[in-house]
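Residues per chain, in single letters:
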Amino acid sequence: MPNERLRSSITSRGLSLDALAQAVQVDAKTVERWISLDRVPRGKHRFKVAALLAVDEAHLWPSILKHAQTRAATEAEFVAIYSNRGEVPHDVWHQLIDSATQRIEILAYAALFLTDWDPDLDGVLAAKARAGTTIRLLLGDPTSPAVAARGAEEGINAGLAARILISEQNLARTIGTDGVELRHHSTTLYNSIYRFDENLLVNTHAYGFQAAQSPVLHFHRVPGGRLFEHYLSSFNRVWDTTEPQEENR
């Protein structure tokens with residue numbers, strides 16, 4: 001059976017088979033066989049294709065879940081679990097932020113806690129952007145029904161929208177720096193995601209509880225693992241639903 005998931009994902013990204021082959025550094029006929037014969041690529045090629053198409057590689061090739069090597073790599077990605085966000089040591093946040101040199105990406109509604117406990121974060125992130133770190137920020141649209149609904153569920157109502165505006169004010173220098181892009185999303189937020197190069201903190205969400213009261217998972221990217229890529233794909237999907245803010249254009 002042809003791999004229709006792969007075919008449709010390539011099409012939805014506006015790519016041709018030749019363009020995908022060139023990006024992944026394989027022959028175009030190889031890509032054709034991945035689709036027409038449902039061949040499963042080598043791990044390094046699966047990783048590149050999934051990243052390029054912004055999807056989980058297990059969605060494209062479900063059979064890899066049966067591979068012992070994939071399971072082992074996925075288990076190796078797990079670093080730590082914290083019963084709530086407050087249990088994540090400040091040193092962990094500082095170390096991850098300070099060590100990031102390529103990408104910092106945040107998906108949340110407000111993420112106000114970051115500047116609450118580190119008033120200097122705005123300057124730190126702005127300096128990193130000037131040094132070449134790409135920073136993508138996805139904060140909730142304070143006027144969206146999704147933010148209003150989450151505020152009501154958490155018992156703070158309009159307080160959540162207010163926290164978003166305060167967070168943006170606290171990050172004014174960062175947002176105004178080249179290399180930083182802020183976008184507003186109006187999606188239902190199942191997890192808050194904080195990516196620092198090859199490390200990822202995932203703040204889970206539970207109905208009726210504020211994010212600070214819910215567990216945090218720490219993953220470190222391992223080639224062939226699924227967890228890091230799974231959440232990164234989620235970030236990219238939300239990013240693709242948004243438009244640049246006027247001040248970023």
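Up top you'll find the structure we're talking about.
Source: prediction; values computed, not measured.

### Things to note about the packing of aromatic side chains
Both the distance between ring centres and the angle between the ring planes are used here to describe each pair of aromatic rings.
Part 1 of the reasoning: What the rule picks out here adds up to eight aromatic pairs.
Part 2 of the reasoning: Note on Phe-113 and Tyr-194: the rings are 5.8 Å apart at their centroids and 80 degrees apart in plane angle, and the pair reads as edge-to-face. Placement of the pair is Phe-113 in helix α8 (residues 113-117) and Tyr-194 in strand β5 (residues 191-196), with a sequence separation of 81 residues. Here the two residues Phe-113 and Tyr-194 agree in accessibility, since each one is buried.
Part 3 of the reasoning: For the cation-ring pair, Arg-85 lies above Phe-113, with the distance from its terminal atom to the ring centre recorded as 3.8 Å.
Part 4 of the reasoning: For Arg-136, the ring lying beneath its charged end belongs to Trp-239, and the centroid distance is 4.6 Å.

### Regarding empty space enclosed by the protein
Gaps left between atoms are located by rolling a probe of water-molecule size over the structure's atoms.
Part 1 of the reasoning: According to the stated counting rule, one finds one cavity of 30 Å³ or more in the structure shown.
Part 2 of the reasoning: The volume enclosed by the largest cavity comes to roughly 60 Å³.
Part 3 of the reasoning: Around the largest cavity, the lining residues are Ile-106, Ala-111, Leu-114, Leu-121, Leu-125, Leu-137, Leu-139 and Leu-171.
Part 4 of the reasoning: Those elements giving two or more residues to the lining of the largest cavity turn out to be α9 (121-130) and β3 (134-140).
Part 5 of the reasoning: Grouping the constituent residues of the lining of the largest cavity by class yields eight nonpolar, no polar and no charged.

### Observations concerning the pairing of β3
Part 1 of the reasoning: In terms of burial, β3 is a largely internal element, six of the seven residues being buried.
Part 2 of the reasoning: Relative to β3, strand β2 (residues 103-107) runs parallel, the two being bridged by five bridges. Considered in β3, the bridge of Arg-103 is made with Thr-134.
Part 3 of the reasoning: The pairing of β3 with strand β4 (residues 180-185) spans six bridges and is classified as parallel. Note that in β4 the partner of Leu-137 across the bridge is Leu-182.

Each value, and the rule that gives it
- Residues numbered from 1 in each chain as written.
- Predicted model: local features only at pLDDT ≥ 70, side-chain atom pairs only at ≥ 80, totals over all residues.
- Heavy atoms only, no water.
- Phe/Tyr/Trp six-rings, centres within 6.5 Å; stacked < 30°, edge-to-face > 60°.
- Helix = DSSP H or I, 4+ residues; strand = E, 2+ residues; numbered from the N terminus.
- Buried < 20%, exposed > 50% of the residue type's maximum accessible area, 1.4 Å probe, protein only.
- Lys NZ or Arg CZ within 6 Å of the ring centre and 35° of its normal.
- 1 Å grid on protein atoms, 1.4 Å probe; cavity = no way out; pocket = protein on both sides within 12 Å on 5 of 7 lines; lining within 4 Å.
- Points joined across faces, edges and corners; volume = space filled by probe spheres on them.
- Nonpolar A, V, L, I, M, F, W, Y, C, P; charged D, E, K, R; others polar.
- Pairing = 2+ DSSP bridges.

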